[in-house]
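A closer look at the structure
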Amino acid sequence: LTPFQRAGISAVDGIGTAWNSYVSLRSTRQENEKLRKELADLKLRTAHLESRAAEADRLGGLLAFREASAEVPMVVARVIGAGASESSRTLYIDRGENDGLRKNMAVITPEGVAGKVLEIFSKTSLILLITDKDSGAGALLANSRTFGVVRGTGEPTVELRNVINDQDVAIGETVLTSGLDQIFPKDLPLGTVTSVEKGNPFKLIRLKPAARLDRLEEVLVLLTRQEIPAKKEAEAAMKAPDKKP
């Protein structure tokens, strides 16, 4: 009977080993699923923390700019929506008539001009961005103080018009608001020159907007056309969002 006994014992041992392997494999799979879930939760928390950190940086820049220009009445507003039309460049903010906003008030960021208030409601407002085809602003070249007009193109860039061909315009030159449109205070950054060509009768000049219009989450609405003083603190605040840790 010994051979049969050995065969039986071997079979029982094999079944036991297979069962233990199955139990162990099942436990390993459960642990792997648990680890995957914990990893996914950790990634989500990390993304949330990074978002909060970025928000803190943005709000810190807004606060620094506002404190440096404390004598100029302004309110901070959050972007809560965008215009439905693909051809328009408009945004909705969470501030309205109840907050003292009125039509044609200037909307800016610490970097520069974003647009103006187009429509006003009790608690919200519609903002026309500087890149919209129906948008415009009085402008001047920072170096020569030559006047012109900035017009939106419906694209990420804008145009500086009414500058004669004889006027020297350098690539990278800053373009500021002139204040002549009675909307934007004087000497706010509008953009920088990216291309210059001779036209008829005026130069064809393209600008990159100073404000990052593709990533607006908070803006400042100026409650007055009072000029913002050119302080070192304000200039530092305008550059703060571009710095990386």
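Residues numbered from 1 in each chain as written. Predicted model: local features only at pLDDT ≥ 70, side-chain atom pairs only at ≥ 80, totals over all residues. Heavy atoms only, no water.

Further remarks concern the overall build of the chain. Each helix and strand in the chain was counted, giving 2 helices and 12 strands. Starting at the N terminus and walking to the C terminus, you meet the elements of the chain as α-β-β-β-β-β-β-β-β-β-β-β-β-α. Taken over 245 residues, the chain has a buried fraction of 34%. By sequence separation, contacts in the chain at least 24 residues apart represent 58% of the contacts at least 6 residues apart. Counting every atom, the chain has about 15,000 Å² of accessible surface; 53% of that belongs to carbon and sulfur. (Helix = DSSP H or I, 4+ residues; strand = E, 2+ residues; numbered from the N terminus. Buried < 20%, exposed > 50% of the residue type's maximum accessible area, 1.4 Å probe, protein only. Contact = heavy atoms within 4.5 Å. Areas by Shrake-Rupley, 256 points an atom, 1.4 Å probe, with all protein chains shown as cover.)

Looking now at the nonpolar core. If you look at the biggest cluster of nonpolar residues, it comprises 43 residues, and the most contacted ones within it are V150, L160 and V175. Broken down by element, the residue count for this core peaks at 4 residues, all from strand β12 (residues 218–222). (Core = buried A, V, L, I, M, F, W, Y, C linked by side-chain atoms within 4.5 Å.)

Across the junction of N200 and P201, the peptide omega takes the value 5°, indicating a cis bond. Tracing the chain through its elements places P201 in the loop between β10 (189–197) and β11 (204–209). In the Ramachandran plot, N162 falls in the positive-phi region, its phi being about 70° despite a non-glycine side chain. Tracing the chain through its elements places N162 in the loop between β8 (158–161) and β9 (174–177). Looking at N162, the relative accessible area reads 42%, which means it is partly exposed.

Bringing the confidence of the model for the chain into the picture now. Put simply, the chain has an average pLDDT of 83, and 77% of its residues get 70 or more. Predicted confidence for residues 231–245 stays below pLDDT 50, and this span has 16 contacts to residues more than four positions away or in other chains. (pLDDT = per-residue confidence, 0-100.)

Pairing between the strands of a sheet comes from backbone hydrogen bonds, and it takes one of two forms, parallel or antiparallel. Strand order in the closed barrel formed by 6 strands is β6-β7-β8-β11-β10-β9, with antiparallel pairing between adjacent strands. For this sheet, the mean angle separating the axes of adjacent strands, direction not counted, is 40°. Sheet analysis places strand β6 (residues 136–141) next to β9, joined by 3 bridges and oriented antiparallel. Note that in β9 the partner of L140 across the bridge is L176. (Pairing = 2+ DSSP bridges. Axes fitted to C-alpha atoms, helices over the stretch in contact; angles between N-to-C directions.)

With that settled, consider the sheet that holds β12. Ordered in space as β1-β2-β5-β4-β3-β12, the 6 strands form a closed barrel in which the pairing is antiparallel. Recorded for the sheet is a direction-independent mean angle of 45° between the axes of neighbouring strands.

Further remarks concern the pairing of strand β1 (residues 74–82). Two strands pair when backbone bridges link them, and β1 and β12 are joined in this way by 5 bridges, in the antiparallel orientation. Within the sheet, the bridge partner assigned to M74 lies in β12 and is L222. Note that β1 and strand β2 (residues 90–93) share 3 bridges and pair antiparallel. Bridged to V79 within β2 is I93.

In this fold, T146 is placed in the loop between β6 and β7 (147–152). For T146, the side chain forms a polar contact with the side chain of Q167, separated by 3.2 Å. For T146, the contacting residues outside a window of four places in its chain are A139, L140, L141 and Q167. (Polar contact = N/O pair within 3.5 Å; in protein donor to acceptor, adjacent residues only side chain to side chain.)

This part takes up the environment of L220. Its location among the elements puts L220 in strand β12. Take L220: its relative accessible area is 0%, and that puts it in the buried class. Between the C-alpha atoms of L220 and P110, which are 110 residues apart in sequence, the distance is 8.2 Å.

Here we come to a nonpolar patch on the surface. On the surface, a cluster of nonpolar side chains totalling about 270 Å² of accessible area is made up of I80, Y92 and F121. Structurally, I80 can be placed in strand β1. (Patch = residues over 30% accessible without salt bridge, like charges linked within 9 Å, V, L, I, M, F, W, Y side chains within 5 Å. Salt bridge = Lys/Arg side-chain N within 4 Å of Asp/Glu carboxyl O.)

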